Amino acid sequence: MVNATLAPEATERAARDRSAAGVRGRARHRCHQAVVAYLFLAPTLLFYAVFLLLPLGFALLLSMSRWAGFDLGDIEPVGLDNFAGLFADGSTFLAPILTNTLLFALGTVVLALAGSVLVATCIDKLRFQGLWRTLYFLPIVTTVVAVGNVWKYMYEPGGLVNGVLNTLGLGSVAFLQDPDTALPAVVVVQAWASVGSAILVLTAGLKSIPESYYEAAALDGAGAVTVFWRITLPLLRPSLLFVCITQFLTGLQSFALIIVMTRGGPGDATNVAALEMYRQAFSYGDWGTASAAAFVLFTVVLAVTLVQLWLFRRKGEDA
């Protein structure tokens with residue numbers, strides 16, 4: 001009787017032991033897989049640690065310090081004084097520098113987006129589309145120094161742009177020497193150089209629109225303008241949003257084109273945040289202020305990125 005009672009208990013205990021052993025075995029297997037995965041990821045993680053995390057941490061340290069950029073022993077902690085100095089009365093960082101940065105990015109987005117939509121729509125109706133896309137993509141593979149110098153000469157009083165204006169009976173304009181026209185002139189160049197990549201994205205978006213929509217619109221007698229506003233643009237929204245956000249982020253971080261064409265002048269008319277960071281660090285030896293300005297720009301870029309994610313989710317797209 002006792003043996004009959006103990007037998008089920010022993011069987012149940014053995015089953016629990018086997019189950020526990022199975023759980024431990026699966027846990028060891030998952031741990032082994034995780035170790036192998038991290039070993040494969042180790043080179044990439046090391047790369048990011050050396051070239052991203054360490055510089056980021058050092059920049060954060062410098063943003064709250066005073067350092068001339070030579071001896072690490074000369075780093076002097078100053079707390080948030082560098083950030084306070086950026087927004088203090090009399091500082092030019094908020095206006096015009098940060099304002100110029102936002103206007104530069106916004107102007108680039110507006111011109112590049114409008115131009116790329118127009119050109120991509122036209123290319124979609126033409127033959128030899130690959131050729132046209134290649135031609136418009138050439139400015140992307142051309143160095144910024146070459147693009148900036150060519151446009152700089154074109155903007156000169158005796159250059160091509162003023163030559164066209166004189167032919168039309170208009171007077172010459174000192175595009176890069178006048179504070180009122182310098183920033184718009186550089187914005188035009190940046191937008192022109194950015195159109196190629198935007199065209200590639202928008203052309204792919206146009207190809208993804210089913211032809212059945214256009215056939216149905218044609219049967220209903222819809223005109224070209226109606227088809228463009230009611231069908232093309234709404235279905236092109238994900239591509240437009242992607243181009244808008246990427247172009248805006250690129251504009252916020254622009255530096256090379258401005259230093260080639262105007263060096264931030266005349267005065268601070270074309271000075272932007274990235275150029276000011278370069279000046280503070282390498283021209284004035286104030287690495288603390290440069291690092292603080294970098295984190296302010298990082299905050300602006302992060303805010304735009306969060307808006308991007310919110311817009312994608314709101315439109316039902318996978319961000």
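Placed above this text is the structure.
All values derive from a computational prediction rather than experimental measurement. (Residues numbered from 1 in each chain as written. Predicted model: local features only at pLDDT ≥ 70, side-chain atom pairs only at ≥ 80, totals over all residues. Heavy atoms only, no water.)

**Q** Run through the nonpolar core, naming residues and quoting values.
**A** Residues Trp-151, Tyr-155, Val-186, Val-189 and Met-261 are the most contacted members of the largest nonpolar core, which totals 20 residues. Sorting the residues of this core by element identifies helix 5 (144–154), helix 7 (179–207) and helix 11 (256–261) as the ones contributing at least two each. Met-261 has contacts with Gly-148, Trp-151, Lys-152, Tyr-155, Leu-176, Val-186 and Val-189, leaving out every residue within four places of it along the chain. The next biggest cluster of nonpolar side chains, apart from the first, holds 18 residues, and it includes Ala-198, Ile-209, Ala-217 and Leu-240. (Core = buried A, V, L, I, M, F, W, Y, C linked by side-chain atoms within 4.5 Å. Buried < 20%, exposed > 50% of the residue type's maximum accessible area, 1.4 Å probe, protein only. Helix = DSSP H or I, 4+ residues; strand = E, 2+ residues; numbered from the N terminus. Contact = heavy atoms within 4.5 Å.)

**Q** Give me helix 10 (residues 237–252): which residues, what numbers.
**A** Here helix 10 is 16 residues long and its end C-alpha atoms lie 22 Å apart, about the 22 Å a rise of 1.5 Å per residue gives. Within helix 10 the residues assigned to the buried category are Ser-239, Leu-240, Leu-241, Val-243, Ile-245, Gln-247, Phe-248, Leu-249, Gly-251 and Leu-252. (Expected span 1.5 Å × (residues − 1).)

**Q** Residue-level account of the pattern of salt bridges, with values.
**A** All chains considered together, the criterion is met by 2 salt bridges. A salt bridge links Glu-76 to Arg-66; its shortest N-O distance comes to 3.5 Å. A residue pair is termed long-range when its members are at least 10 positions apart, and Glu-76 in strand 2 (residues 76–77) and Arg-66 in strand 1 (residues 65–66) qualify at 10 residues. Classification of Arg-66 as partly exposed rests on a relative accessible area of 44%. (Salt bridge = Lys/Arg side-chain N within 4 Å of Asp/Glu carboxyl O.)

**Q** Please set out the layout of surface pockets residue by residue, giving values where relevant.
**A** In this structure, the largest pocket spans a volume of roughly 400 Å³. Around the largest pocket, the lining is made up of 17 residues, and of these Met-277, Ala-290, Ser-291, Ala-294 and Leu-297 lie nearest the centre. For the lining of the largest pocket, the secondary-structure elements that each account for two or more residues are helix 1 (2–63), helix 12 (273–283) and helix 13 (287–314). For the lining of the largest pocket, the element with the most residues is helix 13, which contributes 7 residues. Here the lining of the largest pocket is built from residues that sort into 15 nonpolar, 2 polar and no charged. No other element matches helix 7, which puts 4 residues into the lining of the second largest pocket. Here the lining of the second largest pocket is built from residues that sort into 8 nonpolar, 7 polar and no charged. (1 Å grid on protein atoms, 1.4 Å probe; cavity = no way out; pocket = protein on both sides within 12 Å on 5 of 7 lines; lining within 4 Å. Points joined across faces, edges and corners; volume = space filled by probe spheres on them. Nonpolar A, V, L, I, M, F, W, Y, C, P; charged D, E, K, R; others polar.)

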